[in-house]
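# Chain and residue survey
Listed here are the chains, written in short residue letters.
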Amino acid sequence: MAIELPRAVTRRRILEWQICTVVKVKQETNTVKTFTLEVPKWVPHQAGQHYDVRLTAPDGYQAQRSYSIASGPEQKGVIELTIERLVEGEVSTYLHDVLIVGDQVELRGPIGGYFVWEAAMGGPLLLVAGGSGIVPLMAMLRHRQASGSQVPARLLYSSRTYEDIIYRAELDQLHHDGSGMEVIHTLTRGRPLGWNSYHRRIDLQMLEEVIRPLGNGLIAYVCGPTALVEGVANGLVVLGIAAERVRTERFGPTGVT
Amino acid sequence: MSTIFQSRGFTGKGRQAGPAGRVPPGQYVTSDFPVLSAGPTPHIPLERWTFEINGLVKAPRRWSWAEFMQLPARQYTVDIHCVTKWSKLDTSWEGVSLDTLLQVVEVEPRAHVVVAFCDGGYTTNMPLDEVMGDKAFVAYKYEAAPLPPEHGGPARLVVPKLYFWKSAKWVRGLVLAEKDEPGFWESLGYNNHGDPWKEERYHGD
């Protein structure tokens, strides 16, 4: 019944708004950009945590949203936020269409203490992502690599098309780095010629095949749209994984963000 | 909090602030109902479901689902505010007021805090006086239909005056206590109180 809490729960600080500077913008896919922000009072985060972004208009109107941190805590002084541009989005459209290197933006964080993984928590690690749900999981993979962790890890990553795969090149490189990390893609809307991985929505059979090498003692982190997260989290329980070993983070479809 | 910072080129065009006075600071209005939870959705058969109140009460009580359905229920139309920034206006629920439940168990005068506990191990804590006076209820219908599991069904707590993480999904009971102890999110960096109108999102707010 009891949910085991990560050990870092005692790290309680007052979270002040900080004026941060954009030092790099990278187009990841057609609709996704990564913003690298210099944080004046940077503190190490845990992989999986997020920052809040606040925008202020001349009349004082403010809008806030939460975005997962993509970088690992080993990358000091800055954080990377990888953000999908949502057509109806009030904040994401501003960030995509207006924000450039040298601009400033108010942030506070890091926030969140449950959907986090630290190398010391061990594994085996199962990460399941849908679309931009990859972002907090990428922070975990980057942390795993930077800390030299050899914890067996598998990422099952569902994207619409090949072109929608965020961090594709870096994931290929992680897959081949010999540290016991494997990336398994699935594409739900079409696939390129010669594609030899999954090409359907994640289902129970796919999950069973992906988790088999990890065994029932795995720790799972699942992030993506609600339907994917519901299906995967419940599927893992059906496959015999204890519910308290499955941590979830969900987003959308909210129509707005 | 006042600020002199302005975001270059941000006008707030297409702002989703909602009607004046209905949406707390930093929130936007959404028309659908996002799902957030820390783990898999529990699925408890109704014949095994119970709701119990214990702790600092004179007459601890446990209701079966059938007994709970016999309790006087009413309709509620309330605005809800999630700490992840979305607010949803005029949500309609049916459920049992906490006043009704607490009356049955006879709360002891030294009880000041309520802790809700849930399937899946989730807990959340609230001051007793903020859930009494018809300010909180255990809901089992949402928009006239049984509450779906991903939204906390078969039954969830609803405490509209506090951020929505206090409205515990899959609620199975309440413990009355004298001393305040942080619940799940309250131990993980979120505010112990969680008043959206004071923007009490995180520890220290």
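Quick notes on the rules
Residues numbered from 1 in each chain as written. Chains lettered and ligands numbered in written order. Predicted model: local features only at pLDDT ≥ 70, side-chain atom pairs only at ≥ 80, totals over all residues. Domains from an automatic or database assignment. Contact = placed C-beta atoms within 7 Å. Helix = DSSP H or I, 4+ residues; strand = E, 2+ residues; numbered from the N terminus. Pairing = 2+ DSSP bridges. Axes fitted to C-alpha atoms, helices over the stretch in contact; angles between N-to-C directions. Nonpolar A, V, L, I, M, F, W, Y, C, P; charged D, E, K, R; others polar.

In this section: the domain arrangement of chain A. All names here are of chain A. Examined at the domain level, chain A breaks down into domain 1 (16–111) and domain 2 (119–251). Using only C-alpha atoms to locate each centre, domain 1 and domain 2 end up separated by 24 Å. Listed per partner, the contact involves 15 residues of domain 1 and 15 residues of domain 2. Mapped onto the side of domain 1 that touches domain 2, the elements with two or more residues apiece are strand E1 (18–29) and strand E5 (78–84).

Time to look at the sheet that holds strand E6 (residues 113–118) of chain B. Strands pair in a sheet through their backbones, by hydrogen bonds, and they do so in one of two ways: parallel or antiparallel. Residue and element names in this part refer to chain B. Spatially, five strands are ordered E3-E2-E11-E6-E7 in an open sheet, and the strand pairing comes out mixed. Where the open sheet ends on each side, the last strands, each with one partner, are strand E3 (61–64) and strand E7 (123–127). Pairs of neighbouring strands in the sheet enclose a mean axial angle of 15°, with direction left out of account. Of the strand pairs in this sheet, strand E2 (residues 50–55) and strand E11 (residues 171–177) are connected by four bridges, and their pairing is parallel.

The next thing to look at is the pairing of E1(A). All names here are of chain A. Relative to strand E6 (residues 104–111), E1 is paired through four bridges, and the arrangement is antiparallel. Within E6, the position partnered with Cys20 by the bridge is Val105. Examined bridge by bridge, E1 and strand E2 (residues 32–38) share seven bridges and lie antiparallel to one another. Among the inter-strand pairings, Lys24 is bridged to a residue of E2, identified as Thr36. Remark: two residues form the turn of the hairpin made by E1 and E2, two consecutive strands paired antiparallel.

Our focus in this paragraph is the interface of chain A and chain B. Residue-level contacts link 44 residues of chain A with 37 residues of chain B. Taken together, the elements giving at least two residues each to the side of chain A that touches chain B come down to strand E3 (50–56), strand E4 (62–68), E6, helix H5 (226–238) and strand E11 (246–251) of chain A. A per-class count over the side of chain A that touches chain B returns 23 nonpolar, 12 polar and nine charged.

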